[in-house]
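Commentary on secondary and tertiary structure
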Protein chains: 2
Amino acid sequence: MKKVLIIGAGRSATSLIDYMLDQADKHDWHITVADMSLELAQEKVEGRARGTAVSFNALDEAERKPHLANADFVVSMLPARFHIHVAKDCLKLGKNLATASYVSPELKELDQEVKDKGLIFLNEIGLDPGIDHMSAMQFINRIREKGGKIHAFYSYAGGLVAPESDNNPWHYKFSWNPRNVVLAGQGVAKYLYEGRYRHVPYNQLFSGSDLVYVPNMGWYDAYPNRTSLKYRGSYGLDDIPTIMRGTLRYKGFCKAWDLLVQLGLTDDSYKMEYSDDLTYSQWLRSHLPHNLERFSNANMRAQMASLFFLNMADDALDKLKWLGLFSDEKIPIDNASPAQVLQELLERKWNLEPDDKDMILMQHEIEYTLGDQKKRHISTLVNYGDNAVDTAMARLVGLPLAIGVKHILLGNISSKGVVIPIKPDVYEPVMTELAEYGVSFSEMEMDLNSFDEYFQR
Amino acid sequence: MKKVLIIGAGRSATSLIDYMLDQADKHDWHITVADMSLELAQEKVEGRARGTAVSFNALDEAERKPHLANADFVVSMLPARFHIHVAKDCLKLGKNLATASYVSPELKELDQEVKDKGLIFLNEIGLDPGIDHMSAMQFINRIREKGGKIHAFYSYAGGLVAPESDNNPWHYKFSWNPRNVVLAGQGVAKYLYEGRYRHVPYNQLFSGSDLVYVPNMGWYDAYPNRTSLKYRGSYGLDDIPTIMRGTLRYKGFCKAWDLLVQLGLTDDSYKMEYSDDLTYSQWLRSHLPHNLERFSNANMRAQMASLFFLNMADDALDKLKWLGLFSDEKIPIDNASPAQVLQELLERKWNLEPDDKDMILMQHEIEYTLGDQKKRHISTLVNYGDNAVDTAMARLVGLPLAIGVKHILLGNISSKGVVIPIKPDVYEPVMTELAEYGVSFSEMEMDLNSFDEYFQR
């Protein structure tokens, strides 16, 4: 019997735990689910015979180590910064490890030692990172195998609300960490376009968003992610002249979000010691140039329209108004940064209601030359959640991780060391099984030059 | 005989050292000038009988302490972050101390102990901070003494190039730390306007600059400083509805600088590992939205004009061209942040030539009510340097400090503790003597309502 220890029983561990327990009989596994909260771990195990719920402090080495020692395989669903402690224990104890998080530099340093011990520490096998890597490598390798030469790679993903649950003018609800959504894009986005570096500063990121067509779905806003360049190396695309990864939002989101950015409402670098003395409209007004004071008797909408050269009827202004930023409601938190004030407000406004469904969109666009033909490949994943607990986001993080763990346990994966799922021995079985769970990409191929006409923006 | 130890013999210590040595005979002082470089210290002492040049490592407690123990008074011209070490020694050894730097929180904590020992640690007695505090308090207190009630306080300062040495389209040369100029304004500028908080994010700071009239000089750009709010407390203006401190630049500077900010060229948060592979125009282009690529055969000027809705003839574009940002010249430094690339370029372009003169401008505008009259007070300081070594900047930092030190030595200042020069026992004698050196404010008083007509923007 193989003993698997899953550390962390939060939302994104649900589908992982369910999968492992569902297949435990068949493969003779025992699954121990550990969490700080015993109740949460018990809830996830649901009393199933092959499962045990335990509680310990995973950050305390003395508490943690006996549990690791007793397992044959460890899955860490802890916040990413804590994986390194678990990884070092696993190395000492000779246990395989899997996580859905980015490989940190410290973890990467363990690579040779992990190899020397004949172990595998599999990471970045959730949704993004995870399904993005696996699907991209699958399509890239197929194009190469038929002799195609790739000259552009675009990859987009978004965690959105499903159309049927979309009832606000932003067309957005949180299915992911709200703080990360509020701070998204701060810093610089770097990518390559036709052989030239692109540096997109934060204040141009949302105003400069592009439109991307998702077949059968329509047009979405897309803005570039911070870290497109590093994927050249991971994906074996070192000489590619164009590579860009981006985030998808419903059309119109970026234009309105840009207003918040331009005003400084996403700034997390200073506190307002007086924030709970202010109403939202006073707070908004504090970010307007003071020469607009001559409009001080006009309403906030007129001031915003004036500042940003918008028509009074602009729907970006509807979005701000819907948030309550023009209202006399008091800000409920004190000594808060602008980003904290905004996050507190958005958590109330963009909350997934119990029956709301979320939606994951992911799309790769690969331009390549085959003989004398210029082609474009488009592959698209659309996946919906069931409700606010069983989200597509949580399922698509947990499921590929679970499948990856299974194939390691079954001895189907030969890779050793600190790895990410960019080799066929990992991505082929995982992608194949994901399709059985309805997680698969639809694909299109077309003549490159026909595209612009077909998808005219 | 009183023994004074001056630690640090850099440019801004020159006028301090000269003043102290010039008056040493009269007051029976001996002046020891210490620097890491013995040569520099000797150069400043110039072999004068009342002076001694020494060299020691001021950051090494063991090397530093005997020199402090041997002095009656210590002046620290070290970088601001090192004052605290000198201050703690002075406290232990029972020595008075003076600096031209802002009081750090750690230094402020020593206040009671310094008082208990009957000592004075006088800080912020250079130019800005320094002359700004002393002149502001002088004018504020005069208005109060005649019964005026102050409702608005504006204070502006700029370290600029003198008109006679101004020969570039930016009308700016460095008379101060270039890095601080490149990074100026990053963060948020907070001030109060008519009782309401103002939060000006960096990306609105230069585009939203205002025009300020300096009598007999003309119109200057002004943008708000980060820290206006803290002066309410220091200046006893707690209930004032409007308080703003700002930085002055020649007219048109802010509009062009804003282009650099909007493009992200002042960003210091990431490195370009490939910076020396790029020309300036390639670098500039990397910050333009990629939908401008259709203009890729057009020149950089046309691309910039298109992006920022500028006329092709706009002088902000002349400024960028003059810097060489449209050129095929290679960037000479590798692995640099945008801010570092820009600083390296500007240090070559905005260098003070040996015979160039700099200029200090400082202006306070105080609005107040006297009986039923609404009045405006304007006081202005204009001061010119002699050349690139004897700058107005260095002189106006060192001279008030020297005069303050003299009056402490002569027993004319009764304040104790960690202080800044906002009380008459310090600012009155210092301002009086500064006037003898040609450093004085011209003053105007006018009816508040006549101002707008007179100085119509």
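Residues numbered from 1 in each chain as written. Chains lettered and ligands numbered in written order. Predicted model: local features only at pLDDT ≥ 70, side-chain atom pairs only at ≥ 80, totals over all residues. Heavy atoms only, no water.

Time to look at the overall build of chain A. In terms of regular secondary structure, chain A is built from 19 helices and 16 strands. A compact globule built from 457 residues would reach a C-alpha radius of gyration of about 23 Å, and chain A, at 24 Å, matches this within 12%. When its C-alpha atoms are laid out on the principal axes, chain A stretches across 75 × 60 × 40 Å. When each of the 457 residues of chain A is scored for burial, the buried share is 59%. Once the 50 positive and 62 negative side-chain charges of chain A are each reduced to a mean point, those two points are 4 Å apart. (Helix = DSSP H or I, 4+ residues; strand = E, 2+ residues; numbered from the N terminus. Rg over C-alpha atoms; globule rule 2.2 N^0.38 Å. Buried < 20%, exposed > 50% of the residue type's maximum accessible area, 1.4 Å probe, protein only. Lys, Arg positive; Asp, Glu negative; His and termini not counted. Charge placed at Lys NZ, Arg CZ, Asp CG, Glu CD.)

Further remarks concern the sheet that holds strand β5 (residues 96-99) of chain B. Residue and element names in this part refer to chain B. With parallel pairing, seven strands are arranged side by side in an open sheet as β3-β2-β1-β4-β5-β6-β15. Looking along the sheet, the strands with just one partner apiece sit at the ends: β3 (51-54) and β15 (417-419). Pairs of neighbouring strands in the sheet enclose a mean axial angle of 15°, with direction left out of account. Bridge count between strand β4 (residues 73-76) and β5: four bridges; the pairing is parallel. Within β5, the position partnered with S76 by the bridge is T99. Here helix α17 (residues 392-409) sits on the sheet and contacts β1 (2-7), β2 (29-34), β4, β5 and β6 (120-122); the angle it forms with β4, its principal contact strand, is near 165°. (Pairing = 2+ DSSP bridges. Axes fitted to C-alpha atoms, helices over the stretch in contact; angles between N-to-C directions. Contact = heavy atoms within 4.5 Å.)

What follows covers the pattern of salt bridges. Within the structure shown, the criterion is met by 42 salt bridges over all chains. With a shortest N-O distance of 3.9 Å, E164 of chain B and K357 of chain B are connected by a salt bridge. Of this pair, E164 of chain B sits in the loop between β7 (149-161) and α9 (178-183) while K357 of chain B sits in the loop between α16 (338-349) and β13 (358-370); the two residues are 193 residues apart in sequence, bridging distant segments of the chain. On the accessibility criterion, E164 of chain B (62% relative accessible area) is exposed. When its relative accessible area of 23% is taken as the criterion, K357 of chain B is described as partly exposed. If you follow the salt bridges from partner to partner, you end up with D18, D22, E46 and R48 of chain A in one network. (Salt bridge = Lys/Arg side-chain N within 4 Å of Asp/Glu carboxyl O.)

Residues and elements named next belong to chain B. You can see Y102 is positioned in the loop between β5 and α6 (105-108). Along the chain, Y102 and P129 lie 27 residues apart, while their C-alpha atoms are 6.8 Å from each other. Once you skip the residues sitting within four places of it in the chain, Y102 turns out to touch E124, D128, P129, K230, Y231 and R245. Reaching out from Y102, the side chain makes a polar contact with the side chain of Y231 at a distance of 3.4 Å. (Polar contact = N/O pair within 3.5 Å; in protein donor to acceptor, adjacent residues only side chain to side chain.)

Residue and element names in this part refer to chain A. Spatially, seven strands are ordered β3-β2-β1-β4-β5-β6-β15 in an open sheet, and the strand pairing comes out parallel. Of all the strands in the sheet, just β3 (51-54) and β15 (417-419) have a single pairing partner and so form its edges. Geometrically, the sheet is characterised by an average inter-axis angle of 15° between neighbouring strands, direction not taken into account. Where strand β6 (residues 120-122) lies against β15, three bridges are found, and the strand directions are parallel. Its bridge partner lying in β15, I120 is registered against G417. Across the sheet, helix α5 (residues 83-93) is in contact with β1 (2-7), β4 (73-76), β5 (96-99) and β6; its angle to β5 comes to roughly 165°.

Segmenting chain A into domains produces domain 1 (2-123) and domain 2 (271-336). On a C-alpha basis, the centres of domain 1 of chain A and domain 2 of chain A stand 47 Å from each other. (Domains from an automatic or database assignment.)

Let's shift gears to the environment of N123 of chain B. All names here are of chain B. Inspection of the secondary structure assignment puts N123 in the loop between β6 and α8 (131-145). On the basis of relative accessible area, N123 is assigned to the buried category, the value being 1%. A C-alpha to C-alpha distance of 7.5 Å links N123 and V418, two positions 295 residues apart in sequence. With residues up to four places along the chain from it excluded, the contact list for N123 reads T99, S101, V103, L107, V418, V419, I420 and P421. One polar contact links the side chain of N123 to the main-chain carbonyl oxygen of F121, over a distance of 3.1 Å.

The two copies are related by a screw operation: chain A maps onto chain B through 180° of rotation and 0.0 Å of translation along the axis, at an RMSD of 0.1 Å. Such a combination of turn and shift is consistent with a two-fold rotation axis. For chain A, the minimum C-alpha distance to the rotation axis belongs to N203 of chain A and amounts to 3.6 Å. Of the residues that chain A buries at the interface, 100% are likewise interface residues in chain B, meaning the two copies contact each other through the same surface. (Least-squares fit on C-alpha atoms with pLDDT ≥ 70 in both.)

Take the side chain of S415 of chain A next. Residues and elements named next belong to chain A. Inspection of the secondary structure assignment puts S415 in the loop between α17 (392-409) and β15. For S415, a relative accessible area of 13% puts it in the buried group. At 2.9 Å, the side chain of S415 forms a polar contact with the side chain of D425. Excluding residues within four positions of it along the chain, S415 makes contact with I120, K423 and D425.

Turning to the packing of helix α14 (residues 300-308) of chain B against helix α15 (residues 315-323) of chain B, a few remarks are in order. Residues and elements named next belong to chain B. Two elements in contact, α14 and α15, have axes whose closest approach is 11 Å; the angle formed by their N-to-C orientations is 140°. Considering their axes alone, α14 and α15 lie oblique with respect to each other. Every pair of crossing elements has a handedness; the one defined by α14 and α15 is right-handed. Where α14 approaches α15, its residues R301, M304 and A305 are matched on the opposing element by L317, D318, L320 and K321. A breakdown of the residues in the contact of α14 with α15 according to their chemical character gives four nonpolar, no polar and three charged. (Parallel < 35°, antiparallel > 145°, perpendicular 65-115°, else oblique. Left-handed = near helix turned anticlockwise from the far one by under 90°. Nonpolar A, V, L, I, M, F, W, Y, C, P; charged D, E, K, R; others polar.)

Before going further, it helps to spend a moment on helix α16 (residues 338-349) of chain A. Residue and element names in this part refer to chain A. Its twelve residues place the ends of α16 16 Å apart at the C-alpha level, agreeing with the 16 Å of an ideal helix rising 1.5 Å per residue. Within the span of α16, buried status applies to P338, A339, V341, L342, Q343, L345 and L346. Buried residues along α16 sit against α9 (178-183), α12 (253-263), α13 (280-285) and α15 (315-323). (Expected span 1.5 Å × (residues − 1).)

A separate point is a negative patch on the surface. On the surface, E273, D276, D277 and D334 of chain A cluster together into a negatively charged patch. Within the secondary structure layout, E273 of chain A lies in the loop between α12 and α13. (Patch = residues over 30% accessible without salt bridge, like charges linked within 9 Å, V, L, I, M, F, W, Y side chains within 5 Å. Areas by Shrake-Rupley, 256 points an atom, 1.4 Å probe, with all protein chains shown as cover.)

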